[in-house]
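Structural overview
What follows is each chain in one-letter form.
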Amino acid sequence: MKQVRFILLPVFLAYISILGFYVTLQRRLIFHPVPLTGATPAQFGLKNYKNISFPSFDAVTLTGWWMEHPGKNPDRPILLYCHGNADCVSQLAEVSRIF
């Protein structure tokens, strides 16, 4: 019985510590969106982009930018750029410079 207590006590204390950590910091773990900046790839020199939207498999409408490489070579890449969890796509418009 002492061996079981010797094993279970640290496991229980670790569980309580992790639970307390999440309860204490739960407000900081929630994603809080920031306002749109309104930036577009056009402000960074890429003129031929299109705003697009399309449904996902779970019926959520996703939006993003469709960017074709300035050269008309069919071997050049096409970039579909959508926002992620922590940013909106307008906050990351400067990334279009590398394209």
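Residues numbered from 1 in each chain as written. Predicted model: local features only at pLDDT ≥ 70, side-chain atom pairs only at ≥ 80, totals over all residues. Heavy atoms only, no water.

Re the overall build of the protein
When helices and strands are tallied, the protein shows one helix and three strands. In the protein, the order of α-helices and β-strands from amino to carboxyl end is α-β-β-β. When burial is assessed residue by residue, the protein has 15% of its 99 residues classed as buried. The contacts in the protein between residues at least 6 apart in sequence include a share of 38% that link residues at least 24 apart. (Helix = DSSP H or I, 4+ residues; strand = E, 2+ residues; numbered from the N terminus. Buried < 20%, exposed > 50% of the residue type's maximum accessible area, 1.4 Å probe, protein only. Contact = heavy atoms within 4.5 Å.)

Brief notes about the packing of aromatic side chains
In the structure shown here, the tally under the stated rule is two aromatic pairs. Centre to centre, the rings of phenylalanine 21 and tyrosine 22 are 5.4 Å apart; their planes meet at 70 degrees, and the pair counts as edge-to-face. On the basis of relative accessible area, phenylalanine 21 is assigned to the partly exposed category, the value being 44%. With a centroid separation of 5.9 Å and an interplanar angle of 70 degrees, the aromatic rings of tyrosine 49 and tryptophan 65 are classed as edge-to-face. Here the residue tyrosine 49 occupies a position in strand β1 (residues 49-55), and tryptophan 65 occupies one in strand β2 (residues 61-68), the gap between them amounting to 16 residues. You can call tryptophan 65 buried: its relative accessible area is 4%. (Phe/Tyr/Trp six-rings, centres within 6.5 Å; stacked < 30°, edge-to-face > 60°.)

Observations regarding the confidence of the model for the protein
For the protein, per-residue confidence averages 78 on the pLDDT scale, and 74% of positions sit at 70 or higher. The secondary structure element of the protein with the lowest average pLDDT is strand β3 (residues 78-82), at 70, and the one with the highest is helix α1 (residues 2-25), at 90. (pLDDT = per-residue confidence, 0-100.)

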